[in-house]
Amino acid sequence: MTLKKSVSVFGVTGSIGASTVDVLKSHTDKYVVEAVTAHRNVDALARAAIELGAKCAVIGDPSCFADLRDALAGKGIEIAAGEDALIEAAERPSDIVIAAIVGAAGLKPTLAAIRRGARIGLANKETLVCAGALMTAEISRHGATLIPVDSEHSAIFQVLEDREEMRIDRILLTASGGPFREWSLKDMQSVTRVQALAHPNWEMGAKISIDSATMMNKGLELIEAWHLFPVAEEQIEIVVHPQSVVHSMVEYPDGSVLAQLGSPDMRTPIAYALSWPDRIKVDAPRLDFATIGRLNFEAPDTNRFPALRLARQALQEGGTLPTVLNAANEVAVEAFLNDRIGFLDIAGTVEKVMTRLGSEPLTSLEQVFETDEMVRRETSACLVSAS
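Keep in mind that what you see is a predicted model, and the values were worked out from it rather than measured. (Residues numbered from 1 in each chain as written. Predicted model: local features only at pLDDT ≥ 70, side-chain atom pairs only at ≥ 80, totals over all residues. Heavy atoms only, no water.)

Let us look at the overall build of the protein chain. Across its full length, the protein chain holds 17 helices and 11 strands. Compactness check: the protein chain gives a C-alpha radius of gyration of 20 Å against a globular reference of 21 Å for 387 residues, within 12% of the reference. The buried share among the 387 residues of the protein chain stands at 55%. A separation of at least 24 residues holds for 67% of the contacts in the protein chain among residues at least 6 apart in sequence. (Helix = DSSP H or I, 4+ residues; strand = E, 2+ residues; numbered from the N terminus. Rg over C-alpha atoms; globule rule 2.2 N^0.38 Å. Buried < 20%, exposed > 50% of the residue type's maximum accessible area, 1.4 Å probe, protein only. Contact = heavy atoms within 4.5 Å.)

This part takes up the pattern of salt bridges. Taken as a whole, this structure holds 26 salt bridges when the rule is applied. One salt bridge in this structure joins Lys-218 and Glu-152, with 2.7 Å as the shortest N-O distance. Linking Lys-218 in helix H11 (residues 216–228) with Glu-152 in helix H7 (residues 151–160), this pair joins segments that are 66 residues apart in sequence. Taking relative accessible area as the criterion, Lys-218 reaches 6% and is therefore assigned buried. For Arg-312, the salt bridge identified is with Glu-233, shortest N-O distance 2.8 Å. Residue Arg-312 is located in helix H14 (residues 307–317), and its partner Glu-233 is located in the loop between H11 and strand S9 (236–240); the two are separated by 79 residues in the primary sequence. Among the ionic contacts, a cluster of salt bridges with common partners joins Glu-34, Lys-55, Glu-78 and Arg-92. (Salt bridge = Lys/Arg side-chain N within 4 Å of Asp/Glu carboxyl O.)

Here 4 bridges tie strand S6 (residues 119–122) to strand S7 (residues 145–148), and the two strands are oriented parallel to one another. Residue pairing for S7: Ile-120 is matched across the bridge by Leu-146. Handedness of the S6-helix H6 (residues 126–142)-S7 crossover: right-handed. (Pairing = 2+ DSSP bridges. Right-handed = clockwise from strand over helix to strand, strands pointing away.)

Time to look at the pairing of strand S4 (residues 78–81). Two strands pair when backbone bridges link them, and strand S3 (residues 56–59) and S4 are joined in this way by 4 bridges, in the parallel orientation. The partner of Val-58 across the bridge, within S4, is Ala-80. For the crossover that starts at S3, traverses helix H3 (residues 65–71) and ends in the parallel S4, the hand is right-handed.

Judged by pairing direction, the sheet is mixed, and its 4 strands sit side by side in the order S9-S8-S10-S11 without closing on themselves. The sheet terminates laterally at S9 and strand S11 (257–261), the two strands that pair on one side only. Sheet twist, expressed as the mean angle between neighbouring strand axes with direction ignored, is 20 degrees. (Axes fitted to C-alpha atoms, helices over the stretch in contact; angles between N-to-C directions.)

What follows concerns the layout of surface pockets. Over the atoms, a rolled probe matching the size of one water molecule traces out where space is still vacant. Quantified by volume, the largest pocket comes out at close to 980 Å³. Taken together, 40 residues make up the lining of the largest pocket; nearest its centre are His-39, Ile-101, Val-102, Gly-103 and Ala-105. Those elements giving two or more residues to the lining of the largest pocket turn out to be helix H1 (15–25), strand S2 (31–38), helix H4 (83–90), helix H5 (107–114), helix H10 (206–214) and helix H17 (365–386). Of the residues belonging to the lining of the largest pocket, the class tally is 15 nonpolar, 13 polar and 12 charged. (1 Å grid on protein atoms, 1.4 Å probe; cavity = no way out; pocket = protein on both sides within 12 Å on 5 of 7 lines; lining within 4 Å. Points joined across faces, edges and corners; volume = space filled by probe spheres on them. Nonpolar A, V, L, I, M, F, W, Y, C, P; charged D, E, K, R; others polar.)

Considering all chains together, one arrives at 3 cavities of 30 Å³ or more under this definition. Looking at the lining of the second largest cavity, the elements with two or more residues in it are H7 and helix H12 (267–275). The residue makeup of the lining of the second largest cavity, split by class, is 2 nonpolar, 7 polar and 1 charged.

Here the focus is the sheet that holds S2. The 7 strands lie next to each other as S4-S3-S2-S1-S5-S6-S7, forming an open sheet whose pairing is parallel. Where the open sheet ends on each side, the last strands, each with one partner, are S4 and S7. The sheet shows a mean angle of 20 degrees between the axes of neighbouring strands, direction not considered. Bridge count between strand S1 (residues 5–10) and S2: 6 bridges; the pairing is parallel. By the bridge assignment, Lys-5 is partnered in S2 with Tyr-31. Across the sheet, H12 touches S1, S2, strand S5 (96–99), S6 and S7, and the angle it forms with S6 is around 175 degrees.

Overall, the coordinates contain 5 aromatic pairs when judged by the stated rule. Aromatic pair Phe-157 and Tyr-272: ring centres 6.4 Å apart, planes at 65 degrees, arrangement edge-to-face. Of the two residues, Phe-157 is situated in helix H7 and Tyr-272 in helix H12; the sequence distance between them amounts to 115 residues. A single burial state applies to Phe-157 and to Tyr-272, both of which are buried. Aromatic rings pair up to connect Phe-180, Trp-183, Phe-336 and Phe-343 into one cluster. Directly above the ring of Phe-369 sits Lys-108, whose terminal nitrogen or CZ lies 4.7 Å from the centroid. (Phe/Tyr/Trp six-rings, centres within 6.5 Å; stacked < 30°, edge-to-face > 60°. Lys NZ or Arg CZ within 6 Å of the ring centre and 35° of its normal.)

Relative to the helices and strands, Phe-343 resides in the loop between helix H15 (321–337) and helix H16 (344–357). With near-sequence residues (within four places) excluded, Phe-343 lies in contact with Phe-180, Met-188, Val-191, Ala-196, Ala-213, Thr-214 and Phe-336.

As a further point, take the side chain of Glu-138. Along the polypeptide, Glu-138 turns up in helix H6. With residues up to four places along the chain from it excluded, the contact list for Glu-138 reads Leu-111, Ile-114 and Arg-115.

Another aspect to go through is the packing of H15 against H16. Contact pair H15 / H16: the axes reach a minimum separation of 9 Å and the direction vectors enclose 145 degrees. Of the two possible hands of crossing, H15 and H16 adopt the one that is right-handed. Side by side, H15 and H16 meet where Leu-321, Val-324, Leu-325, Ala-328, Asn-329, Ala-332, Val-333 and Phe-336 of the first sit next to Ile-346, Thr-349, Val-350, Val-353, Met-354 and Leu-357 of the second. Its residues assigned to classes, the contact of H15 with H16 comprises 12 nonpolar, 2 polar and no charged. (Left-handed = near helix turned anticlockwise from the far one by under 90°.)

Now the structure itself:
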């Protein structure tokens, strides 16, 4: 009889978290749930904790503790609140941690799970963007395992398995191009919040949806890929693929290009992170190639989507600049979602802050946190002065 693996889900109320809940509910014979967490969504957190039979539920915002206590009264589920509680939840003895907290807020809990040698299903790309070299060193030091959950990086991971990783010519990261792939710069000046949130292929949370619309999401994935896979920066290319069927590709020295294909459904890479090195059944839609008919590819336009250029610059210069890029983008995206700046101002703000602050050598995780806080203050001040 195979023992069940224990799982903790960080960011259980977001789009990745909800998809993880769906997979876990379909495989109760294989998994038990140790802990679930959320930032402020008490109702969804309590519902997930009950449905999954979690031992522990943690809300990031301490002001929501009383509501969570009331929602889970009599359920026999441990509850806690605050950043320290999130870290303590990551230290609990689960075999697998799905790290799906959005943004730099996910860095400390992910690090705590790494330091106890857990398997990390990484959906929080900001962890590697902000502190990639430091985090991968921690993974090696503590014997943790990192399985990417982003569909693109999961695709590359699957293609590379059991092959000579150093013999790669190119990694091709695919991008849908987002909702404004064919829009002119002039038209993009008047993009609304609702338009930017309407991704053509994927159902995602607000922040990731906006990042996909600006293509910053692909820029962050570029940096993440460089930390995950053994290639030089210039060997990672981005290609726009509107159908989101080919999730990414790897080219080998003999000219062979291997790709992983599937429907645009996050349950597939989540299930692989949970079951690796095996596979489990997922009720994702199956591809019907006759219906699809054709698959299109095109080069990205860095003039209309400057976030790609900024991310490449941050990767090339290294040091603290990727942290600057990420923090400035998070603040700018939040400002756009609150109707304080225009769509094109997101990348414009990030570039302004990157130019102003530049890069410094990155030597410690403490420096990452300090830089992140400083950049958020600088970006907020920049937005205030521009208004």
